[in-house]
Amino acid sequence: MTDKHETQAEAEMIHEGGSQNEIALPHQVLPQHLYLIPISGRPFFPGQIQPIVLGGEYWKETIQKIGGTEQKVVGLVYTGNIPAQETTVDDFSLVGCVGRVVKPTMQDSDIHFICQGLQRFRIKRWISKKVPFLVEVEYPSEEELAAGLEDAETKAYGLSIITAVKELVQANPLHGEELKQALQYFSPNEPAPLTDFAATLTTATGEELQQVLETIPILERMKRVFPLLHKEVQISKLHGEISKDVNTKINKRQREFFLREQLKTIQKELGITKDDRSADADEFEKRLEGLHPPQPVTDRIEEEMKKLSYLEKGSQEYAVTRNYLDWMSSVPWGVYSEDKLGIKEARRILDRDHDGLDDVKERIIEFLAVGAFKKEIAGSIMLLVGPPGVGKTSIGRSVAEAMGRKFYRFSLGGMRDEAEIKGHRRTYIGAMPGKFVQALKEVKTANPVIMLDEVDKIGASFRGDPASALLEVLDPEQNADFLDHYLDLRVDLSKVLFICTANQLDTIPGPLLDRMEMIRLSGYITEEKMAIAKNHLWPKALERGGLKKSQLKISKAALGLLIEGYARESGVRKMEKNLLKIVRKTVVQLLEDPELKVSITAKNIGDYLGKPFFRKEALISGVGVITGLAWTALGGVTLAVEATAVHKEGSGFKQTGQLGDVMRESSEIAYSFLRSHATRYGVKEDFFQTHFIHLHVPEGATPKDGPSAGVTMASALLSLGMKRRMKRNLAMTGELTLTGKVLPVGGIKEKVIAAKRNEIRELILPEANQGDFDTLPDHIKEGITVHFAHNYDQVAKVVLSALKG
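A few points about the overall build of the protein
Okay, so step 1: For the protein, the count of helices and strands is 30 helices and 24 strands.
Okay, so step 2: Radius of gyration (C-alpha) of the protein: 50 Å, far over the 28 Å computed for a compact globule of 805 residues.
Okay, so step 3: Overall, the C-alpha framework of the protein stretches about 145 × 85 × 65 Å when taken along its three principal axes.
Okay, so step 4: The buried share of the protein, taken over its 805 residues, is 48%.

Quick look at the packing of helix H20 (residues 526-545) against helix H22 (residues 573-592)
Okay, so step 1: H22 packs onto H20 with a crossing angle of 40° between their chain directions and a minimal axis gap of 9 Å. If you check the angle between H20 and H22, you find them oblique. You can see that H20 and H22 cross each other, and the crossing is right-handed. Listed contacts from H22 to Lys529, Ala533, Leu537, Trp538, Lys540, Ala541, Leu542, Arg544 and Gly545 of H20 are Met575, Glu576, Leu579, Leu580, Ile582, Val583 and Val587.
Okay, so step 2: Of the residues belonging to the contact of H20 with H22, the class tally is eleven nonpolar, one polar and four charged.

With respect to the sheet that holds strand E9 (residues 449-453)
Okay, so step 1: A sheet is described by the order of its strands in space; here five strands give the open sequence E8-E9-E12-E7-E13, paired in parallel fashion. Edge positions in the sheet fall to strand E8 (407-411) and strand E13 (517-520), since each of these pairs with one other strand and no more. Each adjacent strand pair in this sheet contributes to an overall mean axis angle of 20°, direction not counted.
Okay, so step 2: Where strand E7 (residues 381-385) meets E13, four bridges bridge the pair, whose relative direction is parallel. Within E13, the position partnered with Val385 by the bridge is Arg520.

What to know about the packing of helix H21 (residues 556-565) against H22
The angle between the axes and the distance between the axes are what describe a pair of packed helices.
Okay, so step 1: At their nearest, the axes of H21 and H22 sit 10 Å apart, and the two run at 130° to each other. Considering their axes alone, H21 and H22 lie oblique with respect to each other. Here H21 and H22 pass one another in a crossing that is right-handed. The residues of H22 that touch H21, namely those facing Leu559, Leu562 and Ile563, are Met575, Asn578, Leu579 and Ile582.

Observations regarding the pattern of salt bridges
Okay, so step 1: A complete count under the given rule lists 26 salt bridges for this structure.
Okay, so step 2: The closest approach of N and O atoms between Lys307 and Glu317, which form a salt bridge, is 3.9 Å. Highlighted residues: Lys307 in helix H11 (residues 295-310) and Glu317 in helix H12 (residues 316-328), separated in sequence by ten residues.
Okay, so step 3: Owing to a relative accessible area of 22%, Lys307 belongs among the partly exposed residues under this scheme.

Examining a nonpolar patch on the surface
Okay, so step 1: Together, Leu238, Ile242, Val246 and Ile250 give the surface a local cluster of nonpolar side chains, amounting to about 340 Å² of exposed area.
Okay, so step 2: Position of Ile250 among the secondary structure elements: in helix H9 (residues 218-270).
Okay, so step 3: Among the residues examined, Ile250 registers a relative accessible area of 38% and is labelled partly exposed.

Observations regarding helix H24 (residues 661-676)
Okay, so step 1: Here H24 is 16 residues long and its end C-alpha atoms lie 23 Å apart, about the 22 Å a rise of 1.5 Å per residue gives.
Okay, so step 2: Regarding H24, the residues found buried are Met663, Ser666, Ser667, Ala670, Tyr671, Phe673 and Leu674.

Some details on unusual backbone geometry
Okay, so step 1: Omega for the peptide link from Val131 to Pro132 comes to 0°, which places this bond in the cis form.
Okay, so step 2: Here Pro132 shows up in the loop between strand E5 (110-128) and strand E6 (133-138).
Okay, so step 3: The backbone of Glu454 sits at a positive phi, close to 55°, despite the residue not being glycine.
Okay, so step 4: Mapped onto the elements of the fold, Glu454 is located in the loop between E9 and helix H18 (466-473).
Okay, so step 5: By relative accessible area, Glu454 is classed as partly exposed at 25%.

Observations regarding the pairing of strand E12 (residues 497-502)
Okay, so step 1: With six of its six residues buried, E12 lies for the most part within the structure.
Okay, so step 2: Residues Leu497, Ile499 and Thr501 point to one face of E12 and Phe498, Cys500 and Ala502 to the other, with burial holding for every one of them.
Okay, so step 3: Two elements, E7 and E12, share five bridges in a ladder whose sense is parallel. Within E12, the position partnered with Leu384 by the bridge is Thr501.
Okay, so step 4: Sheet topology places E9 next to E12; four bridges connect them, and they run parallel. Its bridge partner lying in E12, Met451 is registered against Ile499.

Notes on the side chain of Asp326
Okay, so step 1: In this structure, Asp326 sits in helix H12.
Okay, so step 2: Of the residues examined, Asp326 reaches a relative accessible area of 19% and is grouped as buried.
Okay, so step 3: For Asp326, the contacting residues outside a window of four places in its chain are Phe284 and Arg287.

So, the side chain of Thr586
Okay, so step 1: Relative to the helices and strands, Thr586 is located in helix H22.
Okay, so step 2: Excluding anything up to four places from it in sequence, Thr586 contacts Leu547, Leu552, Val598 and Tyr608.

Some details on helix H8 (residues 206-214)
Okay, so step 1: Burial in H8 covers these residues: Gly206, Leu209, Gln210, Val212 and Leu213. For H8, the arc enclosing every buried residue in end-on projection is 155°, short of the 170-degree limit, so these residues lie on one face.

Regarding a negative patch on the surface
Okay, so step 1: On the surface, Asp661, Glu665, Glu668 and Asp705 cluster together to form a negatively charged patch.
Okay, so step 2: By the element assignment, Glu668 lies in helix H24.
Okay, so step 3: Taking relative accessible area as the criterion, Glu668 reaches 39% and is therefore assigned partly exposed.

Points about the packing of aromatic side chains
Okay, so step 1: If you walk through the whole model with that rule in mind, you get 18 aromatic pairs.
Okay, so step 2: Here the aromatic cluster, defined as three or more aromatic residues joined through ring pairs, consists of Tyr58, Trp59, Phe92, Trp126 and Phe133.
Okay, so step 3: The aromatic ring of Tyr324 is capped on one face by Arg426, whose charged end is 3.8 Å from the ring centroid.
Okay, so step 4: Geometry around Trp327 places Lys441 over its ring, the cationic atom sitting 4.1 Å from the centre.

Quick look at the environment of Val623
Okay, so step 1: Relative to the helices and strands, Val623 resides in the loop between helix H23 (605-609) and strand E16 (625-632).
Okay, so step 2: What makes Val623 partly exposed here is its relative accessible area of 39%.
Okay, so step 3: Linking Val623 and Ala670, residues 47 residues apart in sequence, is a C-alpha distance of 17 Å.
Okay, so step 4: With residues near it in sequence (within four places) discarded, Val623 still touches Ala643, Ser719, Leu720, Lys723, Arg724 and Arg725.

Details of the environment of Gly430
Okay, so step 1: Checked against the element boundaries, Gly430 lands in the loop between helix H16 (419-422) and helix H17 (435-443).
Okay, so step 2: As a C-alpha pair, Gly430 and Ala557 span 127 residues in sequence and 58 Å in three-dimensional space.

A closer look at the confidence of the model for the protein
Okay, so step 1: Confidence in the prediction of the protein, expressed as mean pLDDT, is 83, and 90% of residues score 70 or more.
Okay, so step 2: Taken as a whole, residues 1-27 scores under 50 in pLDDT and shows 41 contacts with residues more than four places along the chain or in a different chain.

Some remarks on the pairing of E7
Along a regular strand, successive side chains alternate from one face of the sheet to the other.
Okay, so step 1: Burial analysis of E7 places five of its five residues in the buried class, the great majority of the element.
Okay, so step 2: Of the two faces of E7, the one holding Ile381, Leu383 and Val385 and the one holding Met382 and Leu384 are both buried throughout.

Points about the state of the cysteines
Okay, so step 1: According to the stated counting rule, one finds zero disulfides in the structure shown.
Okay, so step 2: Take Cys97: it sits in no disulfide, and the sulfur closest to it among the cysteines is that of Cys115, at 7.1 Å.
Okay, so step 3: Looking at Cys97, the relative accessible area reads 0%, which means it is buried.

Each value, and the rule that gives it
Residues numbered from 1 in each chain as written. Predicted model: local features only at pLDDT ≥ 70, side-chain atom pairs only at ≥ 80, totals over all residues. Heavy atoms only, no water. Helix = DSSP H or I, 4+ residues; strand = E, 2+ residues; numbered from the N terminus. Rg over C-alpha atoms; globule rule 2.2 N^0.38 Å. Buried < 20%, exposed > 50% of the residue type's maximum accessible area, 1.4 Å probe, protein only. Axes fitted to C-alpha atoms, helices over the stretch in contact; angles between N-to-C directions. Parallel < 35°, antiparallel > 145°, perpendicular 65-115°, else oblique. Left-handed = near helix turned anticlockwise from the far one by under 90°. Contact = heavy atoms within 4.5 Å. Nonpolar A, V, L, I, M, F, W, Y, C, P; charged D, E, K, R; others polar. Pairing = 2+ DSSP bridges. Salt bridge = Lys/Arg side-chain N within 4 Å of Asp/Glu carboxyl O. Patch = residues over 30% accessible without salt bridge, like charges linked within 9 Å, V, L, I, M, F, W, Y side chains within 5 Å. Areas by Shrake-Rupley, 256 points an atom, 1.4 Å probe, with all protein chains shown as cover. Expected span 1.5 Å × (residues − 1). Arc of directions from axis to C-beta. Lys, Arg positive; Asp, Glu negative; His and termini not counted. Charge placed at Lys NZ, Arg CZ, Asp CG, Glu CD. Phe/Tyr/Trp six-rings, centres within 6.5 Å; stacked < 30°, edge-to-face > 60°. Lys NZ or Arg CZ within 6 Å of the ring centre and 35° of its normal. pLDDT = per-residue confidence, 0-100. Disulfide = S-S within 2.5 Å.

Right, here's the structure in full:
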């Protein structure tokens, strides 16, 4: 096969576009010198006819030079994706296509012309390396074209290429009818134009097509083109399948949409069904069937339902009305769960869920007993006050279970918007009811147990004061007609049992505190913590770790050391965390040795928990040092008060230890009282007149305040004046007046527990607090000697005996 065949095919392709005598045979008239134009994107092939656009000013001279030649041909060379104006000599490929320039014209400062590909050429030598680019070229010989050419193989490749092109034309709708007709002019007997034509149909990269252009032997060229063509056929088929699938889905959805709309219309005409607006209304009416709303609520619902019936479904007002009716029909109007008022069952549940807290459980049983006697529990608000981790929340849950009521809990800590309590006005975007209406919707009864956690941590802001909003909720005389701003209707909360929790009372507003029945939960002593750990926390920790009792055991001595050395706080949270820490470390060991049996003892507990956080510290003793008892939000603590004489240059008194105003005043009262009555208690008359006294309460970084240290401070001054130290462990608490009266203080249980924890067995308490001490559980009072004092003379009697030993 020779290049003549290629030329004849080109002549046939061009025959319809121009006269036969305009076509020049390449081997006869193609010049040896060619002006070059760079082609980006895809190379130009022989037989290809395509418009070309060039920048007018930059390529004007080149086009003029080409127009001045006899043949009017140009060399088209592939340069990658480099813009034509930025092309250099190094960017030109070695092989290009010579093309005839037809009808060059200027349009909008650009040069437009039709180019007809004629023949391949190879750059032999550069004559001009600047625009206009001029090179000396050579054309492939017939020997090069026919290299390795075999008639049978060439014909087979030709038939395969024609078949693939036909498949491509059928699979790709982008190829028009003209291309199908042009395909009839090619045959396997003329492979050169067929191969180049097939290459131009593919979407191969410019580099791949340039390799085809540079392949001179026809058979090798066919071997390069056929895989590209086959790949193009597969892509077109896949594209057709995807398009068909997408069109099928779209047509199916459109068909379903039209059928559904027609069905709606038919059903509506026949009265078989209703539209979405009617469906919403039916849903709301269905919800209201089992409810018993009061008449104002019924009237409002009917009014809103009527409005819903004529509003446009897509309007904003329709969405607001629908949401309102959704909430109105979700509130359990008049639906109440039946109370279980059995005292025995309530006691069993409380004992099952909680160890210790006998006084608290007894108060709750009394509370439930009144409800059982009246056959209803309504209008009650309980406040559980105590340190963190003593079981306030879990007690509320147990009360709900004992009564057979639904339980709902939410935290008031950090709440700053009163709309959280009373709801938002419907005019606001995203408006919704308050927490209490939300609680009723969730539990689906109008008499649940609602726990208000952290009531002492409510905030306030420019959005209002939630604590003030709670006044209406927690007032039994008002909450039967609680007004939610979103519903704009009265909601009956009188059957709800409210249980509030707090760590301290100082931050709870007085009017709010006055509405609640307070139950104090003091801290646990070691024996109670041991029982809680054994019955509740340890089994729970094993379950969370997926361990069996036989795989991990802990001794009683280890539990005692954990309580005293790692979890000395009033609650049991830190103890639970340390037990879980032991479980986690044990699981790691079991993964390494599955057969291991772990036993935690007092000797090896440090391997799991590290060094103890708390160590048994000896009480501070010395002249002028007395141990007092104090109450904190975390429980009771012992507090040493120290007094010393600084110099004898004159009288004076100062206090340190970051004392609050009340405690500072207590120290001044103690100093004035003891100075005016020094001789009565055996202190030299001139001692306070000749000495400057410094009183200090250790741990100066900790703020301290309160009146209960007055007796302790006076006793420290008495010890200093007597110049004697305490001979036995003695602790005290009580407020002192200038006349020597000892006034009652709070937190007696916490203070007694703190003294017992520090192995102090002798206490001085105000006589007015004797009732508080007598009501303490026997296991707390056991082993404690208490002296009740009405005035300081009684206190001094005990202190002097302790000073003398």
